[in-house]
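# What the coordinates show
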Amino acid sequence: MRIAGLPTPDGLRVGIGVGDLVVRADALGLHADPVAVAMLPDAQRRRWQAAAEARAAAGPDGDVVRRLSQTPLGPPVWPVPKMICLALNYRAHAQEGGFTPPARPVIFLKGPNTLVGHGCDVTVPPLTRRIDHEGELAVVIGRRSRHLTASTWRDATAGYTICNDLTARDLQLEDIEARHPWDLSKSIDGYGPLGPWLVTTDEVPDPQALDLEVRVDGEPRQRGRTDQMIFGVGELLIRLSAVMTLEPGDVIATGTPEGIGPVPDGSTVEVRVGDLGVLRNRVVFAPTSATGAGGAATRPAEVAAATGGEAVRS
């Protein structure tokens, strides 16, 4: 099953993917958050999928059935208790930055304020003038977990999605040079696009066998495969759950391959991972005359209304 975050006047609602259409799950009688839907028994998910397909057969109506290409989305996971990101988890990426590949996972956190969905514009605030793309496979946790093992980590996984770990590279490099933490460069509003789908685990038999590509205005920038990770998905969940409790809705961005680079003002970034879909977002630079250190994801009015007019919604 493919699960989307559909904006409605009452907030985000679960959407079920049927080809290039998205069907509102609540209109079918399914009232649950995305992770709860993903963790339903297979037989129940199949019944809801069949109901969505039957409803979609008549075509889009602009409300219950929408066309993905014409629908701005929210993140496909909410709420998100924490977003754990991996640094230097591809050997070639570590080397291109002049770093030694790590002997254990190197993590940092992004706040829920960074999360936006497919089709949303991302605004670069005046404090920074360089934003870099970092396309990644992301894992979504399905149940509260500690001390996962090789035989249990899959049962704790709700599914997979795509993340673009956008980075204010100029701020990051300044902080690295000053030997300061570089959290600010990763924490700007809208700098964590996620989606378009949360894809359940039955559709991803091997998360280490996925091609990954990032394009900017159609130009290939990053290409890799998830089997190039230093620490694969299973090992990451085992290591992380050994030291922290993983909660339903936690998102783990598994790192980016080599080829990171800047995104020009007005450009569109596309991230494709296997058959999980294509995450597409446009980057817009705020005028330097604006004030404030924060940024914002600017979205069509429908999404703003769905999130109560807030800059972002987790």
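Predicted model only: the values in this text are computed from it and were never measured.

## Details of the confidence of the model for the chain
- Across the chain, pLDDT averages 92, with 92% of residues at or above 70.
- Counting contacts from residues 290-295, a segment whose pLDDT is below 50, to residues more than four positions away or on other chains yields nine contacts.
- Here residues 298-314 is modelled with pLDDT under 50, and outside its nearest four sequence neighbours on either side it reaches 38 contacts, counting other chains as well.

## A short note on the sheet that holds strand β11 (residues 157-164)
- Overall, mixed pairing links the 10 strands, which are arranged β4-β3-β2-β1-β14-β11-β10-β17-β5-β6 in an open sheet. Across the chains shown, the open sheet's two edge strands, defined by having one partner strand only, are β4 (65-67) and β6 (106-110). Across the sheet, the mean angle separating the axes of adjacent strands is 30° when strand polarity is ignored.
- Across seven bridges, strand β10 (residues 135-141) lies against β11 in antiparallel orientation. Looking across to β11, one finds that E136 is bridged to C163.
- Along the sheet, helix α2 (residues 42-56) makes contact with β2 (11-18), β3 (21-24), β4 and β14 (198-200), crossing β2 at roughly 85°.
- Strand contacts of helix α5 (residues 233-241): β5 (83-87), β6, β10, β11 and β17 (251-253), with the helix running at about 55° to β10, the strand carrying the most contacts.

## Observations concerning the sheet that holds strand β18 (residues 261-262)
- Read from one edge of the open sheet, three strands run β12-β9-β18, paired in antiparallel fashion. Looking at the sheet topology across the chains shown, the edges are occupied by β12 (167-168) and β18.
- Note that strand β9 (residues 131-133) and β18 share two bridges and pair antiparallel. Paired with D132 across the bridge in β18 is P262.

## Regarding the pattern of salt bridges
- For the structure on display, the rule yields 23 salt bridges.
- A salt bridge links E134 to R169; the nearest nitrogen and oxygen atoms lie 2.7 Å apart. Pair noted here: E134 is in the loop between β9 and β10 and R169 is in helix α4 (residues 169-177), with a separation of 35 residues, a long-range link.
- In this structure R169 comes out as buried when scored by relative accessible area, which is 8%.
- Between D227 and R225 there is a salt bridge, with its nearest N and O atoms 3.3 Å apart.
- Given a relative accessible area of 44%, D227 falls into the partly exposed group.

## Some remarks on α2
- The end-to-end C-alpha distance of α2, which contains 15 residues, comes to 21 Å, matching closely the 21 Å that a straight helix rising 1.5 Å per residue would cover.
- Residues R45, Q49, A52 and A56 constitute the buried set of α2. Buried positions in α2, seen along its axis, are confined to an arc of 60° and lie on one side of it. When the buried face of α2 is taken as reference, the exposed residues oriented beyond 90 degrees from it are R46, R47 and A54.
- Those residues of α2 that are buried are in contact with β2, β3, α1 (34-38), β4 and β14.

## With respect to the pairing of β2
- Most of β2 is tucked away, with seven of its eight residues classed as buried.
- Relative to β2, strand β1 (residues 2-8) runs antiparallel, the two being bridged by six bridges. The residue of β2 that forms the bridge with I3 is I16.
- The loop that links β1 with its antiparallel partner β2 comprises two residues.
- Sheet topology places β2 next to β3; four bridges connect them, and they run antiparallel. Looking across to β3, one finds that I16 is bridged to V23.
- The hairpin turn running from β2 into β3, its antiparallel successor, is two residues long, and G19 in that turn takes a positive phi close to 60°.

Reading guide: rules and limits
- Residues numbered from 1 in each chain as written.
- Predicted model: local features only at pLDDT ≥ 70, side-chain atom pairs only at ≥ 80, totals over all residues.
- Heavy atoms only, no water.
- pLDDT = per-residue confidence, 0-100.
- Contact = heavy atoms within 4.5 Å.
- Pairing = 2+ DSSP bridges.
- Helix = DSSP H or I, 4+ residues; strand = E, 2+ residues; numbered from the N terminus.
- Axes fitted to C-alpha atoms, helices over the stretch in contact; angles between N-to-C directions.
- Salt bridge = Lys/Arg side-chain N within 4 Å of Asp/Glu carboxyl O.
- Buried < 20%, exposed > 50% of the residue type's maximum accessible area, 1.4 Å probe, protein only.
- Expected span 1.5 Å × (residues − 1).
- Arc of directions from axis to C-beta.

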